[in-house]
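The primary structure of each chain is shown beneath.
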Amino acid sequence: MALKVNDKYLASFIAEHEYEGIKPAVRAAHETLTSKSGLGNDYLGWMTLPEDYDKEEFARIKAAAERIKKNSDVFIVIGIGGSYLGARACIEAIKSSLYNSMKKDTPEIYFIGNTISPTYLNDVISLVEGRDFSVNIISKSGTTTESALAFRVFRSMLEKKYGEEGAKERIFATTDRKKGTLRELSTAKGYETFTIENDVGGRFSVLTGVGLLPIAVAGCDIDALMNGARAAMGDFCDPDITKNDCYKYAAIRNILYRKGRSVEMLVAYEPSFTMMNEWFKQLFGESEGKDGKGLFPASAVFSTDLHSLGQFIQDGSDILFETVVQFSKAQRDFFIEKDPTNGDGLNFLSDQNMSVVNRKAFEGTVLAHTEGNTPNIVLEVPELNEFELGYMIYFFEKACAISGYMLGVNPFNQPGVESYKKNMFALLGKPGYEDRKAELEARLS
């Protein structure tokens, strides 16, 4: 079994002829992607990655993870955007959103270099003090402000604690294969390195060394993760949306977008899926949001957010649709016993697993929301494990590429991301930005 698209709750929102009408656009996007003739075609390495990945590096990743497990209480992962979101999402989805607090035989893992908050930096430093730790710096260039600043701090801490020779055994650099500041430093210092492939963009890189080392350190089965992605790669080749659920999902998104549903809310009923929601938001937001186009990716965890966003979803403006990830089997279930006093009035829930209650919450919600005029796509997943997660990752990546080409944008660039960086550099007085600084300061005054 694997992920399936359930479209039964869309019957009142999408007519059969609309599926027929969008098929030519899906086929055209498929041809553009598979022929590698579209915009961004030099960033398509993710398409065959589940089969073509570097087996020697994969083995080194597993070996490095075992060393880190043995010599470190804490593993610090430094990166921003695609350099951390995928790894954190997989770890929390497979292990728990409470991973760092749980009893385990693997290190605590903290992600930093994704913010410039001094408070957060100090918090992580305090968690490391007096403990053995290792660092994974993930940066193609080595000069990304957030990550480079954090690496400066933790590299210094390692060298003070273990000396330069000891520190180099605890620093792992994931960077460009041949060039860049971090590559040069790693070569000079003797750090073990893993590769950021030139043909795989950051938000598509979770199944490369970028994501696999932290995931393996957490004790996740990265072989099963890759096997799941490989299975999806084989399943999603047919351009016919009646035979390809990945393309069907991309088609549905575009049909609803053309009807004015410009916000997609990814929903799960498991808190451990929260960071997968964040990974999804970067994947689609950075891929589709350009040229004045694109669906806005939002997210929620139910039933929690039903008590905050539920009112808007049910009765608010008709701008959104929901994509619900529904797992058939709970990772760890809980049996509800009967209370002799029934003081809370909940004995009607007794003598069954809590997963049944969670399922009924989903069923009640999807009926209410569709009756409230909010379309619902349901992605049915057998369970949340490494294989199914790898399958899901590839599903979303390919759907994103097809959907982007259907929108008429380049799904693999992110020109808008550079704007804030240029302004920040100018305001901080970085050499080469002097002329821009005065203009920006005047606009701020």
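Structure's up top.
Residues numbered from 1 in each chain as written. Predicted model: local features only at pLDDT ≥ 70, side-chain atom pairs only at ≥ 80, totals over all residues. Heavy atoms only, no water.

### Focus: the overall build of the chain
Within the chain one finds 16 helices and 12 strands. Relative to the compact-globule value of 22 Å for 445 residues, the chain shows a C-alpha radius of gyration of 23 Å, a close match. By the burial criterion, 50% of the 445 residues in the chain qualify as buried. For the chain, the proportion of contacts with a sequence separation of at least 24, taken over those separated by at least 6, is 77%. If you sum the accessible surface of the chain, you get close to 19,800 Å²; carbon and sulfur atoms cover 51% of it. Side chains of the chain carry 51 positive and 62 negative charges; the gap between the two charge centres is 4 Å. (Helix = DSSP H or I, 4+ residues; strand = E, 2+ residues; numbered from the N terminus. Rg over C-alpha atoms; globule rule 2.2 N^0.38 Å. Buried < 20%, exposed > 50% of the residue type's maximum accessible area, 1.4 Å probe, protein only. Contact = heavy atoms within 4.5 Å. Areas by Shrake-Rupley, 256 points an atom, 1.4 Å probe, with all protein chains shown as cover. Lys, Arg positive; Asp, Glu negative; His and termini not counted. Charge placed at Lys NZ, Arg CZ, Asp CG, Glu CD.)

### A word on the side chain of Q282
Relative to the assigned elements, Q282 resides in helix α11 (residues 274-288). Given the relative accessible area of 14%, Q282 is considered buried. Q282 has contacts with G81, G82, L85, R203 and S287, leaving out every residue within four places of it along the chain.

### What about the sheet that holds strand β12 (residues 376-383)?
In space, the 5 strands of this open sheet follow the order β1-β12-β9-β7-β8, with mixed pairing throughout. Since the sheet does not close on itself, it has two edges, and those belong to β1 (4-6) and β8 (296-301), each with one partner. For this sheet the average axis-to-axis angle between neighbouring strands, irrespective of direction, equals 25°. In this sheet, β12 lies alongside β1 in antiparallel orientation, the contact comprising 3 bridges. Opposite V5, over in β12, you have L379 as the bridge partner. Its contacts with the sheet place helix α10 (residues 245-258) against β1, β7 (263-268), β9 (320-329) and β12, and it is angled at close to 35° to β1. Here helix α14 (residues 386-407) sits on the sheet in contact with β1, β7, β9 and β12, set at roughly 150° to β12. (Pairing = 2+ DSSP bridges. Axes fitted to C-alpha atoms, helices over the stretch in contact; angles between N-to-C directions.)

### Describing the packing of helix α9 (residues 222-235) against α14
Interhelical geometry of α9 versus α14 gives an angle of 45° and a closest axis separation of 6 Å. What the angle tells us is that α9 and α14 run oblique. Taken as a pair, α9 and α14 cross one another with a handedness that is right-handed. Residue-level contacts link A224, L225, N227, G228, A229, A231, A232, M233 and D235 of α9 to E386, F387, L389, G390, Y391 and Y394 of α14. (Parallel < 35°, antiparallel > 145°, perpendicular 65-115°, else oblique. Left-handed = near helix turned anticlockwise from the far one by under 90°.)

### Brief notes about unusual backbone geometry
Residue S303 follows F302 across a cis peptide bond; omega there is 10°. Locating S303 in the fold gives a position in the loop between β8 and α12 (310-315). Positive phi, normally seen in glycine, also occurs at K36, with a value near 55°.

### So, the pairing of strand β2 (residues 74-78)
Consecutive side chains of a regular strand alternate in pointing toward one face of the sheet and then the other. Across the 5 residues that make up β2, a large majority, 5, are buried. Every second residue of β2 is oriented toward a common face, with V74, I76 and I78 on one face and F75 and V77 on the other, all of them buried. Each parallel crossover has a hand, and for β2 linked through helix α4 (residues 85-94) to strand β3 (residues 108-112) it is right-handed. Alignment of β2 against strand β4 (residues 133-138), held across 5 bridges, turns out to be parallel. For I76, the partnering residue across the bridge sits in β4 and is V135. (Right-handed = clockwise from strand over helix to strand, strands pointing away.)

### Quick notes on α11
Taking 1.5 Å of rise per residue, the 15 residues of α11 would be expected to cover 21 Å, and the 21 Å separating its terminal C-alpha atoms lies within 8% of that figure. Among the residues making up α11, those that are buried are M275, M276, N277, W279, F280, Q282, L283, F284, S287 and E288. In this fold, the buried residues of α11 make contact with α4, α10, β7, β8 and α14. (Expected span 1.5 Å × (residues − 1).)

### So, the sheet that holds β4
Taken in spatial order, the 5 strands make up an open sheet running β3-β2-β4-β5-β6, and their pairing is parallel. Of all strands in the sheet, those bounded by a partner on one side alone are β3 and β6 (192-196). Strand-to-strand twist in this sheet, taken as the mean axis angle between neighbours without regard to direction, amounts to 20°. By the bridge criterion, 5 bridges tie β2 to β3 in an arrangement that is parallel. Directly across from V77, in β3, lies its bridge partner F111. Helix-sheet contacts for helix α5 (residues 118-128) involve β2, β3 and β4, and the interaxial angle to β3 is about 155°. Sheet strands touched by helix α6 (residues 145-168): β2, β3, β4 and β5 (171-176). Its angle to β4, the strand with the most contacts, is close to 135°.

### Thoughts on the layout of surface pockets
Taken as a whole, the largest pocket encloses approximately 1,000 Å³ of empty space. Along its surface, the largest pocket is lined by 38 residues, and I80, T144, Q414, E418 and K421 are the ones closest to its centre. Tallied by class, residues from the lining of the largest pocket come to 13 nonpolar, 17 polar and 8 charged. Looking at the second largest pocket, its volume works out to about 670 Å³. Around the second largest pocket, the lining is made up of 27 residues, and of these Y269, E270, A330, R332 and N358 lie nearest the centre. Taken together, the elements giving at least two residues each to the lining of the second largest pocket come down to β9 and α13 (354-371). For the lining of the second largest pocket, the element with the highest residue contribution is α13, accounting for 7 residues. (1 Å grid on protein atoms, 1.4 Å probe; cavity = no way out; pocket = protein on both sides within 12 Å on 5 of 7 lines; lining within 4 Å. Points joined across faces, edges and corners; volume = space filled by probe spheres on them. Nonpolar A, V, L, I, M, F, W, Y, C, P; charged D, E, K, R; others polar.)

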